[in-house]
2 protein chains.
Amino acid sequence: MQINVELVTIGNELLSGNTTDTNSAWLSQQLNLIGLQVSRITSVPDIKKDILSILAESENRADIIIMTGGLGPTSDDITKPALCEFFNTKLVFRAEIFTHIESLLFKKQLKINEYNKMQAEVPESALVLHNDLGTAAGLWFEKNNKFFISLPGVPFEMKGLFINKVAPKFQELFSLQAVYSKTIITHGSFEAQLAETLKDFEDEMPENMMLAYLPSPGIIRLRLVTTGDDLEELKAEVKGQINKLQELIPEYIIGFNEDTLEEIIGKILMDRGQSLSVAESCTGGKIASLITGVAGSSKYFKGGIIAYSNEIKTDQLAIEKSLLENFGAVSKQVVENMAINSRLLFNTDYSISVSGIAGPSGGTKEKPVGTTWIAVSSKSATNSHEFRFGDNRERNITRASITALNLLRKLLTEPG
Amino acid sequence: MQINVELVTIGNELLSGNTTDTNSAWLSQQLNLIGLQVSRITSVPDIKKDILSILAESENRADIIIMTGGLGPTSDDITKPALCEFFNTKLVFRAEIFTHIESLLFKKQLKINEYNKMQAEVPESALVLHNDLGTAAGLWFEKNNKFFISLPGVPFEMKGLFINKVAPKFQELFSLQAVYSKTIITHGSFEAQLAETLKDFEDEMPENMMLAYLPSPGIIRLRLVTTGDDLEELKAEVKGQINKLQELIPEYIIGFNEDTLEEIIGKILMDRGQSLSVAESCTGGKIASLITGVAGSSKYFKGGIIAYSNEIKTDQLAIEKSLLENFGAVSKQVVENMAINSRLLFNTDYSISVSGIAGPSGGTKEKPVGTTWIAVSSKSATNSHEFRFGDNRERNITRASITALNLLRKLLTEPG
């Protein structure tokens, strides 16, 4: 049995763009985890007729309709009157909700007002989902074997209600099919190139499996999703496909699921008790910022130099003036010396250095904007590579940073 | 004339929750700015029949339908075949798109493949919107005086096409009511506090004007939007309101519109021909990264030290060991010395230093997680302040960085 789920997010702020709808993505992921698939997401404003029409439309297509938003205490929150009209019921006062609201406000040392009182009124035919975390109760309706759930729009209240009240009821009501997914993180290729390499792989995939390409600057995620009766079988199936991918594109795979390069590197260094420093020119602190974004990074990251000016390159990093004059700051010679000197100066096991032309100005015919030299250095080896990124400053900085972290990952995981 | 706009975002990743739909909020804001209001947003998967049904439904309700996504080079991208079916047309090869794709790939030193070639095929009846920033062309269709626009899902490509191609066409086609908006950027207050201070201001605002609060870590943007017949009148109206705000909350206003602190600081330093360096501990390169995100920052930013370990603080920044032992790394004494030594070492006019406990570990009873000392230094003054941010590492780093930049802004703009 295919169960169709639609999400309806309600709120003027979503249609004006003042608020990004993050509830939908969260709910979709959570529904996936219990074997339910969202087939459509609709955002409508706090206008009664718009809410009524999307409910009528969704009812024709879906078995489950989950709404968020419009349950707040202010006059623009119109979801409850709309639900009353849709289900032909009326608002009734629920003493237990009122008591809960009183106690919540008491904790915040606030006095209850008329607006709060109205939050204790709910549609008579609704089953009330008690909201521990806020004043707006969740509502559960059934009509012709279809389920309508109305949740508050505040993300942490919505999440609490979904996890504790809604998901368990779904699992009880439906004997749901199992879903399993795993994300493969790749770096160093492009969507079209990967798609070509993986054409046969995709053609040969089991029918119950899907592959999605999720590109972002410097990183392409490949997501395998599979559905079936037996979770263990699905896991084995995905594992088999991942083994295939590791044979097809080993050079591009850098991790799985939520891994980031900075976390992968951090784990290796932490396990080995080794240390890292950086010498950044065009990335201007971005690499250090990514590394130190990871909790616990002070265990392996000592710090570094942002050598944005040539003066700092010579005075603090001891790069010989003749190298800068003969080869330029964006050169193999300078970037390798930056890495080696950083490693020695900060007394670390590894170092990363970058020197490039982020743009928009500073490019020449031989070294156009985007030209970037990156080096990684250990006690036994110093590797450097030249890259030509694009002409967008922000993306050049991001791509140089991710590429540098990946070169370090490769150096750390090299045999020998 | 009321013009109805609907957005349709297409992609399995939106329905699985792997990707949050940020395109819709951005488009809604941009449409607002040219006087158009979005009445519904729908996300559908990369399934032809789903795309066809939402197009048929939207056509009945809206005058303009803007789609994003599904134009990529891989087999799951199904938007173009769906559009061909909907508009009863066929895919044709466009040599000028192919040439553009070739030149884009050539710049990245990549060879063109079958998938890239397919991106040069577009529905015959579509007007092609040339995409400078990527390989997927935008498409513009007209049918019974309704407009259908299909844009790539990659945000920066979609944004480029919307700003440069779509918005100007809308402004030309419709005689839109003038809309004028200005954003006031504030730092140092909280949403509820600002809302209370500005209650009377809001009540007295002209009826055609709206005020929105747009909070993000460390920064609250106040957006004034006004609509009317005469743009010059609207500008004068907004100017009057901003004058009022400058009297009501002068201490919180740090800039306008898209200004960022790092740009404001950059402009001042650039104009004066002065220079800046940083010494970062807990912010780990974030401040330098923000500063160097600004094009042209090499004119005034020389670089700095990421002194994540105490060893680097003593060895490279010449912080006396006794200071670290007696007061700790997170102290007025250490952070002021970091700023002064950074300024002297790198020979700059100004410097910023930060030392704090970003968390989640490292806190003590006296100095809990979030405790942060920030100093700014010039040749004539060194100011330092202690802050207690929260318990979230990521937000602590962001707030410390923004607060540090704002302290420098204040030092730069101080009289005398």
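Residue positions within a chain follow its written sequence, with the count starting from 1. All chains are assigned letters beginning at A, and all ligands numbers beginning at 1, according to the order in which they are written. In keeping with the predicted nature of the model, local features appear solely for residues at pLDDT of at least 70, side-chain atom pairs appear and are counted solely at 80 or more, and the whole-chain, interface and lining totals rest on all residues.

**Quick word on the overall build of chain A**
- Strands here are runs of E lasting at least two residues and helices are runs of H or I lasting at least four, both read from the DSSP assignment and numbered beginning at the N terminus. The helix and strand tally for chain A stands at 16 helices and 17 strands.
- With C-alpha atoms as the basis for the radius of gyration, the globule rule is written as 2.2 Å multiplied by the number of residues raised to the power 0.38. Relative to its length of 416 residues, chain A is extended, with a C-alpha radius of gyration of 28 Å against a globular reference of 22 Å.
- Counting only C-alpha atoms, chain A reaches 85 × 55 × 45 Å along its principal axes.
- Classification of the 416 residues of chain A by burial places 44% in the buried group.
- Residues are treated as contacting if the C-beta atoms built from their backbones sit within 7 Å of each other. Within chain A, counting contacts between residues at least 6 apart in sequence, those at least 24 apart form 65% of the total. Each residue is classified by how many other C-beta atoms fall within 10 Å of its C-beta atom, where C-beta atoms are placed from the backbone; a count of 20 or more means buried, 12 or fewer means exposed, and values in between mean partly exposed.

**Points about the packing of helix H11 (residues 261–272) of chain A against helix H16 (residues 393–413) of chain A**
Residues and elements named next belong to chain A.
- Running from N to C, H11 and H16 cross one another at 30 degrees; their axes reach a closest spacing of 9 Å. Regarding the angle of H11 to H16, the classification is roughly parallel. In the crossing of H11 with H16, the sense of the turn from one axis to the other is left-handed. Residues Leu 261, Glu 262, Ile 264, Ile 265 and Ile 268 of H11 form the contact with H16, whose participating residues are Ile 402, Leu 405, Asn 406, Leu 408, Arg 409 and Leu 412.
- Just so you know the grouping, Ala, Val, Leu, Ile, Met, Phe, Trp, Tyr, Cys and Pro go in nonpolar, Asp, Glu, Lys and Arg go in charged, and all remaining residues, Gly too, go in polar. Classifying every residue of the contact of H11 with H16 by side-chain character gives eight nonpolar, one polar and two charged. Axes, fitted as lines to C-alpha atoms, cover a helix only where it is in contact. Angles between the N-to-C directions of the axes lie from 0 to 180 degrees. Oblique is the label for any angle not under 35 degrees, not over 145, and not in the 65 to 115 range, which are roughly parallel, roughly antiparallel and roughly perpendicular in turn. By definition, turning the near helix anticlockwise from the far helix through less than a right angle yields a left-handed crossing, and turning it clockwise yields a right-handed one.

**Some details on the packing of helix H2 (residues 23–33) of chain A against helix H7 (residues 155–173) of chain A**
Residues and elements named next belong to chain A.
- Between H2 and H7, the least distance of the axes is 11 Å, while the angle of their chain directions is 20 degrees. Taken as axis vectors, H2 and H7 run roughly parallel relative to one another. Handedness of the crossing formed by H2 with H7: right-handed. When H2 is examined against H7, the residues Asn 23, Trp 26, Leu 27 and Gln 30 are found in contact with a partner set consisting of Pro 155, Met 158, Lys 159, Phe 162 and Ala 167.
- Classifying every residue of the contact of H2 with H7 gives six nonpolar, two polar and one charged.

**Thoughts on the interface of chain B and chain A**
- With 61 residues of chain B at the interface, the matching set in chain A holds 58 residues.
- By residue class, the composition of the side of chain B that touches chain A is 23 nonpolar, 28 polar and ten charged.
- In this sheet, strand E14 (residues 301–307) of chain B lies alongside strand E14 (residues 301–307) of chain A in antiparallel orientation, the contact comprising five bridges. Within the sheet, the bridge partner assigned to Gly304(A) lies in E14(B) and is Ile306(B). Pairing between strands is defined by DSSP: at least two bridges between them are needed.

**A closer look at unusual backbone geometry**
Residue and element names in this part refer to chain A.
- Geometrically, the link from Gly 359 to Pro 360 is a cis peptide bond, its omega value of 0 degrees lying close to zero.
- Positive phi, close to 50 degrees, is recorded for Asn 144, a residue that is not glycine.
- Inspection of the secondary structure assignment puts Asn 144 in the loop between strand E7 (138–143) and strand E8 (146–151).
- Positive phi, close to 65 degrees, is recorded for Asn 145, a residue that is not glycine.

**Remarks on the nonpolar core**
- Counting residues in hydrophobic clusters, the biggest one holds 114 residues, and the most contacted among them are Ile287(A), Met338(A), Ile287(B) and Met338(B).
- When residues no more than four places from it in sequence are discounted, the contact partners of Met338(B) are Ala279(B), Ala307(B), Lys313(B), Leu317(B), Ile319(B), Ser353(B), Ser355(B) and Ala375(B).
- The nonpolar core criterion groups buried Ala, Val, Leu, Ile, Met, Phe, Trp, Tyr and Cys residues into a set whenever they are joined through C-beta atoms within 7 Å. The next biggest cluster of nonpolar side chains, apart from the first, holds 38 residues, and it includes Leu15(A), Ala136(B), Ile149(B) and Phe170(B).

**Examining the sheet that holds strand E11 (residues 219–228) of chain A**
All names here are of chain A.
- Read from one edge of the open sheet, four strands run E10-E11-E9-E12, paired in antiparallel fashion. Strand pairing shows two members of the sheet lacking a second neighbour, strand E10 (209–216) and strand E12 (253–256), which therefore form its edges. For this sheet the average axis-to-axis angle between neighbouring strands, irrespective of direction, equals 25 degrees.
- Relative to the sheet, helix H10 (residues 231–248) contacts strand E9 (178–186), E10, E11 and E12, its axis offset from that of E9 by approximately 20 degrees.

**Some remarks on the domain arrangement of chain A**
- Residue ranges assigned to the domains are those given by an automatic or database domain assignment. Taken domain by domain, chain A comprises domain 1 (4–173), domain 2 (178–256) and domain 3 (262–413).
- The gap between the C-alpha centroids of domain 1 of chain A and domain 2 of chain A is 35 Å.

**Regarding the environment of Glu114(B)**
- Turning to its location among the elements, Glu114(B) is positioned in helix H6 (residues 114–118).
- Residue Glu114(B) is classed as exposed on the basis of its C-beta count, with 11 C-beta atoms lying within 10 Å.

**Describing the sheet that holds strand E13 (residues 276–280) of chain B**
- The ten strands are arranged E17(A)-E16(A)-E15(A)-E13(A)-E14(A)-E14(B)-E13(B)-E15(B)-E16(B)-E17(B) in an open sheet whose pairing can be described as mixed. Sheet topology places strand E17 (382–388) of chain A together with strand E17 (382–388) of chain B at the edges, where each strand pairs with a single neighbour. The sheet shows a mean angle of 10 degrees between the axes of neighbouring strands, taken without regard to direction.
- On the sheet, helix H15 (residues 332–345) of chain A packs against strand E13 (276–280), E14, strand E15 (350–356), strand E16 (371–377) and E17 of chain A and is oriented at approximately 150 degrees with respect to E15(A).
- Set on the sheet, helix H15 (residues 332–345) of chain B makes contact with E13, E14, strand E15 (350–356), strand E16 (371–378) and E17 of chain B; between it and E15(B) the angle comes to about 150 degrees.

**Description of helix H2 (residues 23–33) of chain B**
- Those residues of H2(B) that fall on the buried side of the exposure criterion are Asn23(B), Ser24(B), Ala25(B), Leu27(B), Ser28(B), Leu31(B) and Asn32(B).
- Of the surrounding secondary structure, the elements contacted by the buried residues of H2(B) are helix H1 (12–15) of chain A together with strand E1 (4–10), strand E2 (37–44), strand E3 (64–68), helix H7 (155–173) and strand E11 (219–228) of chain B.

**Some details on the environment of Leu104(A)**
All names here are of chain A.
- As for its position among the elements, Leu 104 is in helix H5 (residues 95–107).
- Residue Leu 104 is classed as partly exposed on the basis of its 17 C-beta neighbours within 10 Å.
- Separated by 28 residues in sequence, Leu 104 and Asp 132 place their C-alpha atoms 8.9 Å apart.

**Side note on the pairing of E14(B)**
Residues and elements named next belong to chain B.
- The buried fraction of E14 amounts to seven of the seven residues, a majority that puts the element mostly inside the structure.
- Strand direction decides the pairing type here: E13 and E14, joined by five bridges, are parallel. Across the sheet, the residue bridging to Ser 277 is Gly 303, located in E14.
- Looking down the strands as they point away from the viewer, one classifies a crossover as right-handed if the path from the first strand across the helix to the second runs clockwise. Each parallel crossover has a hand, and the one from E13 via helix H12 (residues 286–292) to E14 is right-handed.

**Some remarks on the confidence of the model for chain A**
- Per-residue confidence for chain A gives a mean pLDDT of 92, with 98% of residues at or over 70.
- This prediction of the complex comes with two scores: 0.77 for pTM and 0.77 for ipTM. For every residue, the pLDDT score states the predictor's confidence, bounded by 0 at the bottom and 100 at the top.

**Let's talk about the environment of Trp26(A)**
- Inspection of the secondary structure puts Trp26(A) in helix H2.
- Classification of Trp26(A) as partly exposed rests on a count of 17 C-beta atoms within 10 Å.
- Once the C-alpha coordinates of Trp26(A) and Lys159(A) are considered, the two residues, 133 residues apart in sequence, prove to be 8.3 Å apart.
- The contacts of Trp26(A), once residues within four sequence positions are left out, are Lys159(A) and Gly17(B).

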